[in-house]
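# Descriptive structure summary
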Amino acid sequence: MSERHSAEFWFDPLCPWAWMTSRWMGEVQQVRDVDVTWSVMSLSVLNEGRDELPQKYRELMDAGWGPVRVVIAARDKFGDEVVKPLYDALGERIHHRGEDHPTAIAGALAELELPAELAEAADSEDHDEELRLSHQRAIDLVGDDVGTPVIAVDGVAFFGPVVSPAPKGEDAGRLWDGCVLVANTPGFFELKRSRTVGPIFDTGA
């Protein structure tokens, strides 16, 4: 019997790279014994106060508060078990269908039969303290020179893996095995190369 591992996955629904990695994580759960906790972080929080951002990206960050706030609000009302299904529903709409955030939020809430009024959290700061605490937990583990996603493997956190397209089946399992290996290697910090492709979404059934 294979050893059981744990992972915590921090995501921002806005981030296409986190979406790619989350699809890989779902594949991993089919072929490896791993318990995954899904948590939120925020590119909008990460980029606060960075005046040098290009205008288009600044506008994206300003709009990016909405989806992650709604996830936090839903978790507060319905518990941790709603986080992953809501992320899946939001990500499908944002990254595959290209819906704007209000449309994606409304559709995701309706799909999961969650109260439509949760959408009001998108424009409210009521849950920002919890959002910031969840975000900061990830940053405290991995450092502040990263983005999303962050994944903790058996308690050791890294940025990434950044992968496109998301591996499936045993290919996903082998990448997970590598993550377990480096997480359990004392003194290991980083592997990186420049990206040569963007997010390649699997739009098949």
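Residues numbered from 1 in each chain as written. Predicted model: local features only at pLDDT ≥ 70, side-chain atom pairs only at ≥ 80, totals over all residues. Heavy atoms only, no water.

## Concerning helix H7 (residues 128–142)
The condition that has to hold: Helix numbering and strand numbering both begin at the N terminus, where a helix is a DSSP run of H or I of at least 4 residues and a strand a DSSP run of E of at least 2. Any helix carries an expected span of 1.5 Å times its number of residues minus one. Under the scheme applied here, a residue whose accessible area is under 20% of the maximum for its type counts as buried, over 50% as exposed, and between as partly exposed, the area being computed with a 1.4 Å probe on protein chains only. It is the directions from the helix axis to the C-beta atoms whose arc is reported. Contacts are assigned to residue pairs that have any heavy atoms within 4.5 Å of one another.
With 15 residues, H7 ought to run about 21 Å at 1.5 Å a step, and its terminal C-alpha atoms sit 21 Å apart, in line with that. Turning to H7, its buried residues number three or more, namely Asp128, Leu131, Ser134, His135, Ala138, Ile139 and Val142. For H7, the angular spread of the buried residues around the axis is 140°, confining them to a single face. Exposed side of H7, more than 90 degrees from the buried face: Glu129, Leu133 and Asp140 are the residues found there. Residues of H7 that are buried sit in contact with strand E1 (5–11), strand E2 (34–40), helix H2 (43–46), helix H4 (65–78), strand E3 (150–153) and strand E4 (156–159).

## Examining the layout of surface pockets
Convention followed: Grid spacing is 1 Å over the protein atoms alone, the probe is 1.4 Å, and a cavity is where that probe fits but cannot get out, while a pocket is an open set with protein on both sides within 12 Å along at least five of seven lines and lining residues have an atom within 4 Å of a point. Grid points are joined across faces, edges and corners, and a volume is the space filled by probe spheres set on the points. Here the nonpolar group is Ala, Val, Leu, Ile, Met, Phe, Trp, Tyr, Cys and Pro; Asp, Glu, Lys and Arg are the charged ones; every other residue, Gly included, is treated as polar.
The space that makes up the largest pocket amounts to roughly 1,400 Å³. In terms of lining, the largest pocket is formed by 37 residues, of which the most central are Phe159, Gly160, Pro161, Val162 and Leu191. Secondary-structure elements contributing two or more residues to the lining of the largest pocket are helix H1 (16–31), helix H3 (55–63), E3, E4 and helix H8 (169–183). Here the lining of the largest pocket is built from residues that sort into 25 nonpolar, 7 polar and 5 charged. In this structure, the second largest pocket encloses a volume near 210 Å³. As for the second largest pocket, its lining consists of Trp19, Met20, Arg23, Glu27, Glu92, His96, Pro165, Ala166, Lys168, Ile200, Phe201 and Asp202. Take the lining of the second largest pocket: its biggest share by element is 4 residues, from H1. A class-by-class count of the residues in the lining of the second largest pocket yields 6 nonpolar, 1 polar and 5 charged.

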